Amino acid sequence: MKSRGLIDFFPYTNGRFYALMFLLLFIVKITKGTDGIKNLFRPMLIWKVHPKWYLFGLLFAFSIGLLTLSIVAFYNGDMSILDFEIYIPTLKFTLFLLSWAFLGEVVWIGYAVRELSKIIKPFYASLIIGFVWSLWWLPSVFINVGVIENLPVWPLFLNMMGAAGMCTIVYAKTKSGLCVLVIQSMLNMSLVMLPISPDAGDNTYPIFAVLYFLIMLIFMYFMPPKINEASKELKSVY
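Quick look at the structure, then. On a predicted model such as this, the values are computed, not experimentally measured, just so you know.

**A few points about helix α8 (residues 204–222)**
Helix length check: α8, at 19 residues, gives a terminal C-alpha distance of 27 Å against a target of 27 Å (1.5 Å per residue), a fit within 8%. Among all positions of α8, only Thr204, Tyr205, Pro206, Phe208, Ala209, Leu211, Tyr212, Phe213, Met216 and Met220 are buried. Close packing links the buried residues of α8 with α3 (51–76), α5 (122–143), α6 (153–174) and α7 (177–193).

**Overview of the nonpolar core**
Most often, soluble globular proteins keep nonpolar side chains buried together rather than apart. Residues Trp133, Trp137, Leu156, Met166, Ile183, Phe208 and Tyr212 are the most contacted members of the largest nonpolar core, which totals 66 residues. Among the secondary structure elements, those contributing two or more residues to this core are α2 (15–41), α3, α4 (91–116), α5, α6, α7 and α8. Take this core: its biggest share by element is 13 residues, from α6. With sequence-adjacent residues up to four places away left out, Phe208 is seen in contact with Ala61, Ile64, Gly65, Thr68, Asn159, Leu187, Leu191 and Ile196.

**Quick notes on the pattern of salt bridges**
According to the stated counting rule, one finds two salt bridges in the structure shown. Here Lys32 ties to Glu115 by a salt bridge, and the two come within 2.7 Å at their closest N and O atoms. Taken together, the residues Lys32 in helix α2 and Glu115 in helix α4 connect sequence positions 83 residues apart. With a relative accessible area of 38%, Lys32 lands in the partly exposed category. By relative accessible area, which is 25% here, Glu115 ends up partly exposed.

**Notes on the packing of aromatic side chains**
Scanning the entire structure with this criterion turns up 15 aromatic pairs. Ring centres of Phe56 and Phe60 lie 5.1 Å apart, and the angle between their planes is 40°; on these two criteria the pair is classed as tilted. In this pair, Phe56 and Phe60 are both assigned in helix α3, four residues apart and thus about one turn of the helix distant.

Reading guide: rules and limits
- Residues numbered from 1 in each chain as written.
- Predicted model: local features only at pLDDT ≥ 70, side-chain atom pairs only at ≥ 80, totals over all residues.
- Heavy atoms only, no water.
- Helix = DSSP H or I, 4+ residues; strand = E, 2+ residues; numbered from the N terminus.
- Expected span 1.5 Å × (residues − 1).
- Buried < 20%, exposed > 50% of the residue type's maximum accessible area, 1.4 Å probe, protein only.
- Contact = heavy atoms within 4.5 Å.
- Core = buried A, V, L, I, M, F, W, Y, C linked by side-chain atoms within 4.5 Å.
- Salt bridge = Lys/Arg side-chain N within 4 Å of Asp/Glu carboxyl O.
- Phe/Tyr/Trp six-rings, centres within 6.5 Å; stacked < 30°, edge-to-face > 60°.

Below, the structure is given as structure tokens:
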């Protein structure tokens, strides 16, 4: 399955994540000083949350992936689609995915969504950040380097806005960057472990992206996040 792996070009696929992180640290250091940097990483120290949130993060994207495959199988009348082997990535690749999810959580959720939520509702903040997040991925998508190959653009935008929304909800409910790391890592892992990437055919990835986004909207409606309250409670802990 060609789209399971990433094209091996370390300086681009990994270096740009770290460059983005160092840029953020530089900006925060100048604008908010050392305390600002501490606040940036503080959510990653929150790990004493109800186990249900870790379980939720582990199963959420994977469950949507299984639902996607079931819909495709029933629509095509071909149950053999459900007869697949779960791909287990290498340890090296898994560590790459974890590091990307960590940097994504700190940059996009830990900073951007929290800051933007001070002036607009977290829901709109997450959509904007998800949209910008997608724009950041576009160069990689167009040159097919550092991403799943042949990734269609419009599902990418839906997927990233859905991801930003779910990360925002989990952060607001748990105040834990680790829980956000889990749900985002499992989104990345699910795209690798299950045959739902673009080369699976039958519009499998677009269906997955639409489902992820729509389910995020349902969670947003019934569990609206309150980022500012979560941030205040986090500061009170320390």
